[in-house]
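The chain contents come next:
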Amino acid sequence: MLSNLTLDCEALNTVLDGKEIQKQECYELFELSQNAPEELFKTANVLRNINHKKIVTFSKKAFFNIANLCRDTCSYCTYKAEPGESKLSLMSISDVKVLARLAKKFRCTEALFVTGERPEQTFQEARDWLKEEGFSSTAEYLIHASELVLKEGLFPHTNAGNLTKTELAQLKKTNVSMGLMLENVSERLTEEGMPHHGAPSKYPKPRLAVLQNAGELGIPMTTGLLVGIGETPYEIIDSIFAIKKLHDKYGHIQEIILQNFQPKSDTLMNAHPSAEENYFKTVVALTRIILPQMNIQIPPNLSPSSYQSFLSVGINDWGGISPLTPDYVNPEFSWPEIKNIEKNSSKAGYDLKARFPIYPEFFDFVNSDLREKMAELNDGDSLVKEGYWR
Ligand code: SF4
């Protein structure tokens, strides 16, 4: 028995008894919660506090917008640039070095590397950029850039789409963790007129295969779901269970990001409504109930007026927050200042702590060289020393 709380809902009492909830029970819970979400939210809150105490974490990062050309097209994306657009970013290695040095001055710990999906497969501009920098692929560039920022005292976390197993293995040497959003496991969302139709890399099978390869390689992975893109609640629940299945097998999913959809004016989905807050909270709470110990993150900039209320439905992390670079994936939504996040977390009853781009319980996944480098900034609990990040 994890808690003395007794609820009317039998399935939730089972979870509080420390047993796993089944998919069918989650479908039913979702339906029940439409009118009365209180018991679901309360259970998620209890599980969150048992597993993560009164702590909420974030990662102090710099966002390296390495290459935003992309061979795919998702109907909601504003990150992707076209050649000639003013937002086009193809960072030179010397740009990476300059930003890394600045990020170190700001006492960031994470270097978040983001690229579109294999830009060199479609764009001559990307091939020229790589050639000029002395590389033949984006992955090769990222391997070099990771080594570079590590030398500058930052810890890389690469999110570059569907990397091959060989590429993942190379990047594992320098990246303390890596990221790949599953988005959703539904094939329906890849059909004509649906958000992932133009993005073969987002089709569930190849996406799950990359997460599986990362599991076989023992790479701590951040993954997550995009909530409110036209999925059914059952597809969201199926997606959470798909992540659970991988994690049950490999134990390598360090974090699930739940990102609420926000329409962008210059996209095909500009008229699609943003994710409704209660629906989003139900998804957060269900994720906590399906994976009680998981690290669950929502990006605070996408719920600017209510993010702290998500602490009471199961989240325990605010993700990467940058004091110096914008969120290039959601540039319309600037990150709240770290001191405001701390104030609002504290008002909700939680202490803010800075983590590395790898969660404490995953330190054993990385090589001793990386662990030694983190040791200088480690507070003893595998979080970042307060005196460093403040
Ligand atoms: S794969 Fe990523 S960068 Fe490419 S269009 Fe989709 S969301 Fe945008």
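Because the structure is a prediction, the values reported are computed rather than measured.

Topic: the overall build of the protein
Next up, step 1: Per the secondary structure count, the protein includes 13 helices and nine strands.
Next up, step 2: Each of the three principal axes of the protein carries a C-alpha extent, and together these read 65 × 50 × 40 Å.
Next up, step 3: Looking at the protein residue by residue over its 390 residues, the buried ones come to 59%.
Next up, step 4: Pairs at least 24 apart in sequence give 74% of the contacts found in the protein among residues at least 6 apart.

Remarks on the pairing of strand E3 (residues 155-159)
Next up, step 1: In terms of burial, E3 is a largely internal element, four of the five residues being buried.
Next up, step 2: Inspection of the sheet shows strand E2 (residues 110-115) paired to E3 by five bridges, in the parallel sense. For Phe 113, the partnering residue across the bridge sits in E3 and is Thr 158.
Next up, step 3: Inspection of the sheet shows E3 paired to strand E4 (residues 177-179) by two bridges, in the parallel sense. Across the sheet, the residue bridging to Thr 158 is Met 178, located in E4.
Next up, step 4: Read as a crossover between parallel neighbours, the route from E3 over helix H7 (residues 165-172) to E4 is right-handed.

Here we look at the pattern of salt bridges
Next up, step 1: Evaluation of the coordinates by the stated rule reveals 18 salt bridges.
Next up, step 2: The closest approach of N and O atoms between Asp 317 and Arg 355, which form a salt bridge, is 2.7 Å. A residue pair is termed long-range when its members are at least 10 positions apart, and Asp 317 in strand E8 (residues 317-321) and Arg 355 in the loop between strand E9 (351-354) and helix H12 (368-375) qualify at 38 residues. Both residues of the pair, Asp 317 and Arg 355, count as buried.
Next up, step 3: Two residues, Arg 390 and Glu 386, come together in a salt bridge whose shortest N-O distance is 3.0 Å.
Next up, step 4: Connected through salt bridges with shared partners, the residues Glu 20, Lys 244 and Asp 248 form a single ionic network.

Remarks on the packing of helix H4 (residues 93-105) against helix H6 (residues 138-151)
Next up, step 1: At a minimum axis separation of 10 Å, H4 and H6 run at an interaxial angle of 30°. The angle between H4 and H6 places the two elements in the roughly parallel class. When you trace H4 past H6, the crossing you get is right-handed. Contact with H4, carried on its side by Ile 93, Val 96, Lys 97 and Ala 100, involves Tyr 141, His 144, Ala 145, Leu 148 and Val 149 of H6 and no other residues of that element.

Thoughts on the packing of aromatic side chains
Next up, step 1: Scanning the entire structure with this criterion turns up twelve aromatic pairs.
Next up, step 2: Relative to Phe 356, the ring of Phe 155 has its centre 5.7 Å away and its plane inclined at 85°; by these criteria the two rings are edge-to-face. Here the residue Phe 155 occupies a position in strand E3, and Phe 356 occupies one in the loop between E9 and H12, the gap between them amounting to 201 residues.
Next up, step 3: Seen from their ring centres, Tyr 307 and Trp 318 are 5.1 Å apart, and the 85° between their planes marks the pair as edge-to-face. Within this pair, whereas Tyr 307 is found in the loop between strand E7 (296-297) and E8, its partner Trp 318 is found in strand E8, the two being separated by eleven residues in sequence.
Next up, step 4: Aromatic ring contacts, followed pair by pair, group Trp 129, Phe 135 and Tyr 141 into a single cluster.
Next up, step 5: The ring of Phe 310 has Lys 281 lying over it, and the distance from NZ or CZ to the ring centre is 5.1 Å.

Here's the deal with the site of the ligand
Next up, step 1: Close to the ligand lie Cys 70, Asp 72, Thr 73, Cys 74, Cys 77, Tyr 79, Lys 80 and Lys 202, which account for all nearby residues.
Next up, step 2: For the shell around the ligand, the residue count by class is four nonpolar, one polar and three charged.

Notes on the environment of Glu 255
Next up, step 1: Tracing the chain through its elements places Glu 255 in strand E6 (residues 253-260).
Next up, step 2: Of the residues examined, Glu 255 reaches a relative accessible area of 3% and is grouped as buried.
Next up, step 3: Separated by 104 residues in the primary sequence, Glu 255 and Tyr 359 have C-alpha atoms spaced 8.3 Å apart.
Next up, step 4: The contacts of Glu 255, once residues within four sequence positions are left out, are Met 221, Thr 222, Thr 223, Met 294, Asn 295, Gln 297, Asp 317, Arg 355 and Tyr 359.
Next up, step 5: Here Arg 355 takes part through its side chain, which lies 3.4 Å from a polar atom of the side chain of Glu 255.

Topic: helix H5 (residues 124-133)
Next up, step 1: Within H5, the full set of buried residues consists of Ala 126, Trp 129 and Leu 130. Each buried residue of H5 lies within a common arc of 95° when the element is viewed along its axis, so the set occupies one face. Facing away from the buried side of H5 by more than 90 degrees, the exposed set consists of Lys 131 and Glu 132.
Next up, step 2: Tucked inside the fold, the buried residues of H5 contact strand E1 (55-67) and H6.

What counts, and where the lines are drawn
- Residues numbered from 1 in each chain as written.
- Predicted model: local features only at pLDDT ≥ 70, side-chain atom pairs only at ≥ 80, totals over all residues.
- Heavy atoms only, no water.
- Helix = DSSP H or I, 4+ residues; strand = E, 2+ residues; numbered from the N terminus.
- Buried < 20%, exposed > 50% of the residue type's maximum accessible area, 1.4 Å probe, protein only.
- Contact = heavy atoms within 4.5 Å.
- Pairing = 2+ DSSP bridges.
- Right-handed = clockwise from strand over helix to strand, strands pointing away.
- Salt bridge = Lys/Arg side-chain N within 4 Å of Asp/Glu carboxyl O.
- Axes fitted to C-alpha atoms, helices over the stretch in contact; angles between N-to-C directions.
- Parallel < 35°, antiparallel > 145°, perpendicular 65-115°, else oblique.
- Left-handed = near helix turned anticlockwise from the far one by under 90°.
- Phe/Tyr/Trp six-rings, centres within 6.5 Å; stacked < 30°, edge-to-face > 60°.
- Lys NZ or Arg CZ within 6 Å of the ring centre and 35° of its normal.
- Near = heavy atom within 4 Å.
- Nonpolar A, V, L, I, M, F, W, Y, C, P; charged D, E, K, R; others polar.
- Polar contact = N/O pair within 3.5 Å; in protein donor to acceptor, adjacent residues only side chain to side chain.
- Arc of directions from axis to C-beta.

Everything listed is a geometric property; what it means functionally is a separate question.
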